[in-house]
Amino acid sequence: MHNEELQISLESVLNHIQICKNRFLKIQKPDDFVLTDEGYILLDSIVARLQAIGELAKKISNKNPSFISKHSEINWTNIIRFRDFISHHYDLLDYEIVFEICSNNLIELEAVLILELKSQ
């Protein structure tokens, strides 16, 4: 993957993360996703962005494995596997896992991407 293509992919992932974080602001605890219609809408919209992040991670992994190796502190395999799970088993989705991802994992991924994009 050329540097420009990688940069565009990383910027896209960062954009998806920022949208997730913004939508997640209304969620204080996992049950907030399932107690109201608004919660379900937020869950669905966040999960769609997580799916897009996973798809981009898969693309980056296939075209630029050195980037993935360089940032081994991120569990890229889980990001990609979660995308596959969303795509094929959405009916089994656990909203508590989505809460955990939004509370912790997105912040870590965002920090790595911001540093990487600043260094380019």
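Structure: above.
Rules used throughout
- Residues numbered from 1 in each chain as written.
- Predicted model: local features only at pLDDT ≥ 70, side-chain atom pairs only at ≥ 80, totals over all residues.
- Heavy atoms only, no water.
- Helix = DSSP H or I, 4+ residues; strand = E, 2+ residues; numbered from the N terminus.
- Buried < 20%, exposed > 50% of the residue type's maximum accessible area, 1.4 Å probe, protein only.
- Contact = heavy atoms within 4.5 Å.
- Core = buried A, V, L, I, M, F, W, Y, C linked by side-chain atoms within 4.5 Å.

Here P30 lies in the loop between helix 1 (3-24) and helix 2 (37-63). Taking relative accessible area as the criterion, P30 reaches 22% and is therefore assigned partly exposed. Residues P30 and K59, spaced 29 residues apart in sequence, show a C-alpha to C-alpha distance of 30 Å. Those residues in contact with P30 that lie beyond four places of it in its chain are Y95, E96 and F99.

Turning our eyes to something else, we now look at the nonpolar core. One finds L50, V98 and L109 to be the most contacted residues of the largest nonpolar core, which totals 36 residues. At the level of elements, helix 1, helix 2, helix 3 (65-70), helix 4 (76-89) and helix 5 (95-119) are the ones that each hand at least two residues to this core. In contact with L109, not counting residues within four places along its chain, are V13, I17, I53, I74, W76 and I79.

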